[in-house]
Amino acid sequence: MLSNEQARQKMDDILDRQKKRVAAMRAQGDFVDYATLDKLIIGVCGGDGIGPVITKVSEDVLRFLLADDVKAGKVEFRTIDGLTIENRIATGQAIPADVLAELKACHIVLKGPTTTPDSSYTGPNIESANVAMRRELDLFANVRPVKVPAQGIDWTFFRENTEGAYAVGSLGFEAEDGISVDFTITTTDGTRRIAKLAFEYAKNNGKTHVAIVTKANVIKATDGKFLSVCGEVAEDYPGITAESWYADIMTAKLVDEKRRRDFQVMVLPNLYGDIITDEAAEFQGGVGTAGSANIGKRYAMFEAIHGSAPRMVAEGRDIYADPCSMLRAGVLLLRHIGKMAEAARMERALDICMFDEKKLAVTGRDTGATSAAFGQYVMDTIAAL
Ligand code: IPM
Ligand code: MG
């Protein structure tokens, strides 16, 4: 528990850190152009729980599609071990220092889900490895597509990934008199860069509608800024309708079959993005089917939107885990590095295997196919395209 004096000191530290972050954002150059690299390095972290099983399936399909580039030395897959809950507890670091150094030597990371100690864990406070990686690699945009063609759903969420309630998530504290405090941070620079990415995406992909999702009616300083800065950015995109939506009613409208197909691109602060993208993924067949791109200017990381499902491992069911989230993440990875033809083939094959043909069902149990068998089905489908 902190005294009032210590709490004030903590607030000072937090502001100083955020000022440094804003200065770093301002000093940052443009996005790395992968086409100019001699060799693109893709780091692969299996993670915890079902992570190693489903990550391997996605890696296998990516290796299959990029085989020529790997042979020519233009792409290297690099296994990064050590991003495990055991190592995080042993080192007391959200990302052990040696693992972080290895990650920083790559351009792209394919990452399986990692386990986050919850409040029942009594050791020192360890931040989620996801949240730490997003911050350390400055992966400010979490891009999450959700598509259900039969229902006219084609959404792309741009979740701000380095600020909001997550910015200083592990620095909250217990103060005097039973008062607990956490922090939410929104910066002008941080909001502008995610808004620009969302509107650029809309412009380049023929989208005409961007919903800005906040609770600016209640959370006035931080969500208020998010809304107003997104509104300013929208002025540079006259062909696109920018509409303010409050997170509660937007969450409701996503269930409304008549209205939900009107949404195209959504830009949201971190926590609303976390919650609403899980809801959205449910329409597509559950979180196990949804991939996610974490994009920064220097690095990018691709992952599932769900957790590590330790219960499946405890019950010996990890080999039956659905790899579709990591396979979808693979499609996003290919597109991000400019491999458009390969991305289109992988996406087409996934659509066939998941929706059209469904020759193999993954049920998460021995009543369905194994993760590896589904991966083989996807590769066979790609080969037959
Ligand atoms: C996600 C996950 C993470 C988050 C967890 C695992 C920390 O739910 O990627 O959406 O809250 O961001
Ligand atoms: Mg989530």
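Note that this is a predicted model, so its numbers are computed, not measured.

(A) Structural context of the sheet that holds strand β9 (residues 241–246). With respect to topology, ten strands assemble into an open sheet ordered β2-β1-β3-β12-β11-β4-β5-β10-β8-β9, the strand pairing being mixed. Since the sheet does not close on itself, it has two edges, and those belong to β2 (75–79) and β9, each with one partner. Across the sheet, the mean angle separating the axes of adjacent strands is 20° when strand polarity is ignored. Judged from the six bridges that link them, strand β8 (residues 209–214) and β9 form a sheet pairing that is parallel. Following the sheet pairing, H209 is matched in β9 by T241. Against the sheet, helix α6 (residues 129–136) makes contact with β3 (108–111), β4 (141–148), β5 (153–160), β11 (291–295) and β12 (300–304), and its axis sits at roughly 160° relative to β12, the strand it touches most.

(B) How the structure looks around empty space enclosed by the protein. One pass over the full model with this rule turns up two cavities of 30 Å³ or more. Roughly 40 Å³ of internal volume is contained in the largest cavity. What lines the largest cavity is V131, R135, N161, T162, Y166, A167 and N270. Of the residues assigned to the lining of the largest cavity, the class counts are three nonpolar, three polar and one charged. As for the second largest cavity, its lining consists of E160, E163, G164, I185, T186, F226, P269 and N270. Split into classes, the residues belonging to the lining of the second largest cavity amount to three nonpolar, three polar and two charged.

(C) Focus on the nonpolar core. In terms of nonpolar packing, the biggest core is built from 61 residues, with I108, V267, F302, F374 and V378 touching the most fellow members. When residues in this core are grouped by element, the largest group, eight residues, is from helix α12 (residues 324–336). Apart from residues no more than four positions distant in its own chain, F302 is found in contact with I108, V109, L110, K111, S292, A293, I295, M326, A329, L332, L333 and H336. Ranked by size, the runner-up nonpolar core spans 19 residues in total, among them I80, A94, V109 and M301.

(D) Structural context of unusual backbone geometry. With a phi close to 50°, D138 is a non-glycine residue in the positive phi region. Secondary-structure assignment places D138 in the loop between α6 and β4. Accessibility expressed as a relative area gives 16% for D138, which makes it buried.

Definitions and limits used
Residues numbered from 1 in each chain as written. Chains lettered and ligands numbered in written order. Predicted model: local features only at pLDDT ≥ 70, side-chain atom pairs only at ≥ 80, totals over all residues. Heavy atoms only, no water. Pairing = 2+ DSSP bridges. Helix = DSSP H or I, 4+ residues; strand = E, 2+ residues; numbered from the N terminus. Axes fitted to C-alpha atoms, helices over the stretch in contact; angles between N-to-C directions. Contact = heavy atoms within 4.5 Å. 1 Å grid on protein atoms, 1.4 Å probe; cavity = no way out; pocket = protein on both sides within 12 Å on 5 of 7 lines; lining within 4 Å. Points joined across faces, edges and corners; volume = space filled by probe spheres on them. Nonpolar A, V, L, I, M, F, W, Y, C, P; charged D, E, K, R; others polar. Core = buried A, V, L, I, M, F, W, Y, C linked by side-chain atoms within 4.5 Å. Buried < 20%, exposed > 50% of the residue type's maximum accessible area, 1.4 Å probe, protein only.

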